[in-house]
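Architecture at a glance
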Amino acid sequence: MPVKGALPSGVVIRPETAEDKAAIDHVIAAAFGDGRFMRSVRHLRRASHEASLSFVVTLQDKVIGSIRYWPILVGGRTQLLLGPLAVLPEHSGKGFGKALVAHSLSVAETTSYDFILISGEPDYYPRFGFEPASQELFLWPGFIEPERLQIKWLSEDAKTKAPAAAQAILPML
Ligand SMILES: CC(C)(COP(=O)(O)OP(=O)(O)OC[C@H]1O[C@@H](n2cnc3c(N)ncnc32)[C@H](O)[C@@H]1OP(=O)(O)O)[C@@H](O)C(=O)NCCC(=O)NCCS
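The following paragraphs examine the structure supplied in this document. (Residues numbered from 1 in each chain as written. Predicted model: local features only at pLDDT ≥ 70, side-chain atom pairs only at ≥ 80, totals over all residues.)

Turning our attention to the overall build of the protein chain. Helix and strand content of the protein chain: three helices and nine strands. Its helices and strands taken in sequence order, the protein chain reads β-α-β-β-β-α-β-β-β-β-α-β from the N to the C terminus. In terms of overall size, the protein chain behaves like a compact globule, its C-alpha atoms giving a radius of gyration of 16 Å where 173 residues would be expected to give roughly 16 Å. Along the first, second and third principal axes, the C-alpha atoms of the protein chain reach 50 × 35 × 30 Å. Burial status across the protein chain gives 32% buried among its 173 residues. Within the protein chain, contacts between residues at least 6 apart in sequence are counted, and of these 69% link residues at least 24 apart. (Helix = DSSP H or I, 4+ residues; strand = E, 2+ residues; numbered from the N terminus. Rg over C-alpha atoms; globule rule 2.2 N^0.38 Å. Buried ≥ 20, exposed ≤ 12 C-beta atoms within 10 Å, placed from the backbone. Contact = placed C-beta atoms within 7 Å.)

Laid out in structure tokens, this is it:
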């Protein structure tokens, strides 16, 4: 269902559809540039992204931002990886990134996943409940700046299942 409340007129957040692919590719390329091909997080995006948690923000029906989540395997259980989150540079700083994260998290909180991991800006995600994740416990596939690895627990109960020993973060194939 599209989200309109608290967004400017003409701006809508709605689930991503197959027809959005080219527009989303454009938004991600414009937001990240060529650096997107060098990030270790790409190793974790093998299976399809999680369609029920992937949203676009549109302005007059044009896609200007996107958020996707991917299933990952941690300790034998499927969990979530957030990203990429991208907003077209000409529309950045207007709250659309925050709206995409907040909306998708409100849906993620209704699922049975335990947590969401992200390789993300350490200044951006704590406002949504992300906190630093231990790189000794969560073994990232490749290089990641320590401060970028963050976790959001999706419930208090999930937090009690935090790993006591190192767990590899693996892609779903
Ligand atoms: C990061 C991004 C998604 C934010 O979306 P946005 O719509 O521009 O941001 P919003 O308007 O919702 O939020 C603005 C807030 O985010 C902060 N912010 C924006 N980009 C940031 C960044 N790269 N690092 C830390 N904070 C950032 C702003 O300082 C502002 O903070 P405030 O609310 O305390 O004033 C967008 O700028 C973008 O696509 N950047 C390039 C790609 C990228 O870095 N994606 C995230 C990777 S994890």
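So much for the structure itself; the text now carries on.
Here helix H2 (residues 96-108) contains 13 residues, and its C-alpha end-to-end distance of 18 Å stays within 8% of the 18 Å for a straight helix at 1.5 Å per residue. Those residues of H2 that sit buried are Phe-96, Ala-99, Leu-100, Val-101, Ser-104 and Ala-108. Packing partners of the buried residues in H2 comprise strand E1 (11-15), strand E2 (55-59), strand E3 (62-74), strand E4 (77-87) and strand E5 (115-119). (Expected span 1.5 Å × (residues − 1).)

Near the ligand you find 17 residues, and of these Ser-92, Gly-97, Lys-98, Gly-120 and Glu-121 are the closest. When residues of the shell around the ligand are traced back to their parent elements, those giving at least two are helix H1 (21-32), E4 and H2. Element by element, the count of residues in the shell around the ligand is highest for E4, at four residues. Per-class residue counts for the shell around the ligand are seven nonpolar, six polar and four charged. (Near = placed C-beta within 6 Å. Nonpolar A, V, L, I, M, F, W, Y, C, P; charged D, E, K, R; others polar.)

By the secondary structure assignment, Leu-88 is in the loop between E4 and H2. Residue class for Leu-88 comes out buried when judged on the 20 C-beta atoms lying within 10 Å of it. On a C-alpha basis, the gap between Leu-88 and Pro-71 in space is 25 Å, while along the polypeptide they are 17 residues apart. When neighbours within four sequence positions are excluded, Leu-88 is seen to be in contact with Val-27, Ala-30, Ala-31, Ile-64 and Gly-65.

Glancing now at the nonpolar core. One finds Val-57, Leu-81, Leu-100, Ile-116 and Leu-117 to be the most contacted residues of the largest nonpolar core, which totals 41 residues. Of all the elements in the fold, those that place two or more residues in this core are E1, E2, E3, E4, H2, E5 and strand E8 (149-153). Take this core: its biggest share by element is seven residues, from E3. Filtering out sequence-adjacent residues up to four positions away, Val-57 remains in contact with Val-11, Ile-13, Ile-64, Gly-65, Phe-96, Ala-99 and Leu-100. (Core = buried A, V, L, I, M, F, W, Y, C linked by C-beta atoms within 7 Å.)

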